[in-house]
Amino acid sequence: MLALEYQSRAEGSVNLPGSKSIANRALLLAAMAQGETILQSVLDSDDTRHMRNALRKLGVNYTEQHNAQGLEVRIQGRAGGFSIADSAELFLGNAGTAMRPLTAALAASQGIFRLTGEERMYERPIGPLVDALRLLGADINYLQEAGYPPLLIHGASLQGGRVSIDGSLSSQFVSALLMALPLANEDTVVELTGDLVSLPYIQLTLDLMSRFGIQVQQVDTRHFIVPGKSSYQSPGEFVVEGDASSASYFLAAGAIAGGTVTVKGTGLASLQGDKAFAEILEQMGAQVAWGQNHISVSRGELQGGHFDLNAIPDAAMTIATTALFAKGPTEIRNVYNWRLKETDRLHAMATELRKTGAEVTEYDDGLRIVPPAVIQRARVATYNDHRMAMCFSLLTFAPAGVEIEDAQCCDKTYPEFFQDFSAICHN
Ligand SMILES: O=C(O)C1=C[C@@H](OP(=O)(O)O)[C@@H](O)[C@H](O)C1
Ligand SMILES: C=C(OP(=O)(O)O)C(=O)O
């Protein structure tokens, strides 16, 4: 249990760790590309370790070295899919950005692959992705419950042509399919169905594919054409930008208790949708200054509000704890898929926010949070969810402080979070 005592002020700057979403995409695309890729500032955390270990088991040659910018990974690309002589078991923890993309890439590779993970991974759906891949000729079997990992994949050649995929539970299904389709035998027209979620992550995938030499044609918001029989091309050196979701905890600290807090590594030029978190803070009353590659936030009189946060589901959790410091209620809506992530985040968040004295209504797709007159000291359970540990750290700015159970679950995306966070906190 980690006790965070009262801190009256937030001030300083932080060099963000690399983006999880970009690192796991870049690692996979570099492994399938023609030529050597040197990835710089790669996030070194559980989620990217699962991807890196999986690539190693798939026979990808790479070296790792720490330098001043963080982790450098030099990858010898395979100029195509993966090929192993017999079978491999890949343990992917609870990393959605490893499980979903590898499922698609391995369905189009050679060999027999068993994809396993933590218990929670077996409760996170993958059915819509498997359905789409099967339509293209993939041979994928569920080893436990239909629609969920673990999976047994017999690599096959994917046909291409036309395919539709339901994007209403996770954008990762769409991203995974798009990234694997250059391995198919012909071009593929992809149609997205359902109420789409987390859209900026699909754009991120298209941007990364383009950086690795594959141009996807976007016909309209629901139709894409991906060239088949194509190989990714190494961009040479590629620098992973700072993680915009990780930035949210520091920016919220500035909004609540600034001083000015600056995050370095994400900003106007960032490819990540979660940079929009700073705009929500601004709407709540914080002062925000943008640079190409940094964002600074200073304190303002924070007001609650009504926000549709479907586009920024990860940073949205930080709005829920920031809401405790705002005047008036905050409603966060259209985040139904919080229920499918590291834990049922709607339920977990409602339960833990109530411990502070807040009045919380849990909807199917969101929360209404009425802040308490005085925030109570809570012992916050984290449900093995890194973002629960990180977003509740903001309660250090309440005079009562906060206690966080199993705080080290932040290892999933940000092992040094509490060191970096304490460096901007002052009493
Ligand atoms: O594609 C990605 O890198 C991600 C997409 C989002 O998931 P959903 O599309 O499931 O909302 C996000 O929550 C996750 O942390 C990373
Ligand atoms: C939802 C998340 O992770 P994953 O990539 O496992 O989906 C997250 O990081 O908040």
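Above this text sits the structure in question.
A brief structural summary. Model, not experiment: these values are computed from the prediction.

A closer look at the environment of Ile332
- Tracing the backbone through its elements, the reader meets Ile332 in strand E21 (residues 330–333).
- Its relative accessible area of 0% is what places Ile332 among the buried residues.
- Taking the C-alpha atoms as reference points, Ile332 and Tyr363, separated by 31 residues in sequence, lie 9.5 Å from one another.
- Once residues lying within four places of it in the same chain are set aside, the contact partners of Ile332 are Phe307, Leu309, Ala316, Ile319, Ala320, Asp365, Gly366, Leu367 and Ile369.

Some points on the site of ligand 2
- The full set close to ligand 2 counts 14 residues, and Lys20, Gly96, Arg124, Arg387 and Lys412 are the nearest of them.
- In this structure, an oxygen atom belonging to ligand 2 sits 2.9 Å away from a side-chain N or O atom of Arg345.
- Interatomic distance of 2.6 Å between a side-chain N/O atom of Arg387 and an oxygen atom of ligand 2.
- When ligand 2 is considered free in solution it has 290 Å² of accessible area, and contact with the protein chains removes 99% of it.
- Put simply, the parts of the chain that give the shell around ligand 2 at least two residues each are helix H3 (96–107) and helix H11 (386–392).

Notes on the site of ligand 1
- Close to ligand 1 lie 13 residues, the nearest being Ser170, Ser171, Ser198, Asp314 and Lys341.
- Between Gln172 and ligand 1, the recorded distance is 3.3 Å, taken from a side-chain N or O atom to an oxygen atom.
- In isolation ligand 1 has 390 Å² of accessible area, and contact with the protein removes 95% of it.
- Contributing elements (two or more residues each) for the shell around ligand 1: helix H1 (20–32) and helix H5 (171–180).
- In terms of residues, the shell around ligand 1 owes the most to one element, H1, which gives three residues.
- Across the shell around ligand 1, the residue classes break down as two nonpolar, seven polar and four charged.

Things to note about the sheet that holds strand E1 (residues 2–4)
- The three strands are arranged E1-E25-E24 in an open sheet whose pairing can be described as mixed. Edge strands, defined here as strands with exactly one partner in the open sheet, are E1 and strand E24 (379–380).
- Judged from the three bridges that link them, E1 and strand E25 (residues 402–404) form a sheet pairing that is antiparallel. Its bridge partner lying in E25, Leu2 is registered against Ile404.

About the criteria used
Residues numbered from 1 in each chain as written. Chains lettered and ligands numbered in written order. Predicted model: local features only at pLDDT ≥ 70, side-chain atom pairs only at ≥ 80, totals over all residues. Heavy atoms only, no water. Helix = DSSP H or I, 4+ residues; strand = E, 2+ residues; numbered from the N terminus. Buried < 20%, exposed > 50% of the residue type's maximum accessible area, 1.4 Å probe, protein only. Contact = heavy atoms within 4.5 Å. Near = heavy atom within 4 Å. Polar contact = N/O pair within 3.5 Å; in protein donor to acceptor, adjacent residues only side chain to side chain. Areas by Shrake-Rupley, 256 points an atom, 1.4 Å probe, with all protein chains shown as cover. Nonpolar A, V, L, I, M, F, W, Y, C, P; charged D, E, K, R; others polar. Pairing = 2+ DSSP bridges.

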